[in-house]
Amino acid sequence: MEQICGSVKESNLKLTLAFGIGIHHAGLTERDRKVVEELFVNQKIQVLIATSTLAWGVNFPAHLVVVKGTEYFDGKTRRYVDFPITDVLQMMGRAGRPQFDDQGVAVILVHDVKKHFYKKFLYEPFPVESNLLEVMADHLNAEVVSGTISSKQDAMDYITCTYFFRRLLRNPRIIV
């Protein structure tokens, strides 16, 4: 491990690797990133601290995933904003990959005000909403041009066969 640490350029990474902890972020050189990835995959280090982008870009299995906070600083708006729920799920999804582990653990550390949302999200199904309303005119026009819709009744029949219509019946607020 000393030889590997000697070849690493990033000083903070050298320090953490000496204790069996890797760090992974965009500021590392390509070679340092590869070293950390190989050490983690080959189980030479057992702790990897990484940015959220690692969850999308690299396929690393883990037994335990800790998501330390669900916000990031958005430079455009100059404020902290929530990660999209898909990002949080992607991060949690690194825990307990079937081909590597028979179970996994994911821990989310959030502000108290957001705890209820994440509990609800994790224990209750999250509805998938339709976005058809935003482009409904385009779809209806295309169907008119193609000859599928030639009357008001055809248009109503078309709409009632969509997922948008099914969700509208269950959640009328989606058109607000």
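Residues numbered from 1 in each chain as written. Predicted model: local features only at pLDDT ≥ 70, side-chain atom pairs only at ≥ 80, totals over all residues. Heavy atoms only, no water.

- In the annotation of an unreviewed UniProt entry, the protein chain is listed under the name Activating signal cointegrator 1 complex subunit 3 and assigned to Biomphalaria pfeifferi.

**What about the packing of aromatic side chains?**
Here's step 1: In total, this model carries four aromatic pairs according to the counting rule given.
Here's step 2: Aromatic side chains F117 and F121 sit 6.2 Å apart centroid to centroid with 20° between the ring planes, which places their arrangement in the stacked category. In this pair, F117 and F121 both sit in helix 6 (residues 112-123), four residues apart, roughly one turn of the helix.
Here's step 3: Residue F117 is classed as partly exposed on the basis of its relative accessible area of 40%.
Here's step 4: Using a relative accessible area of 11% as the deciding quantity, one classes F121 as buried.
Here's step 5: By way of ring pairs, the aromatic residues F117, Y118 and F121 are connected into one cluster. (Phe/Tyr/Trp six-rings, centres within 6.5 Å; stacked < 30°, edge-to-face > 60°. Helix = DSSP H or I, 4+ residues; strand = E, 2+ residues; numbered from the N terminus. Buried < 20%, exposed > 50% of the residue type's maximum accessible area, 1.4 Å probe, protein only.)

**Quick word on the pattern of salt bridges**
Here's step 1: Summed over all chains, the structure comprises six salt bridges.
Here's step 2: The residue E30 makes a salt bridge to K34 at a minimum N-O spacing of 3.8 Å. Of this pair, E30 and K34 are both found in helix 3 (residues 30-41), four residues apart, which corresponds to roughly one turn of the helix.
Here's step 3: A salt bridge links D112 to K115, with the nearest nitrogen and oxygen atoms 3.7 Å apart. Taken together, the residues span about one helical turn, with D112 and K115 both in helix 6 at a distance of three residues.
Here's step 4: Exposure remark for D112: the relative accessible area of 60% places this residue in the exposed category.
Here's step 5: Using a relative accessible area of 42% as the deciding quantity, one classes K115 as partly exposed.
Here's step 6: Here the residues in one salt-bridge network are E30, R33 and K34, joined through shared partners. (Salt bridge = Lys/Arg side-chain N within 4 Å of Asp/Glu carboxyl O.)

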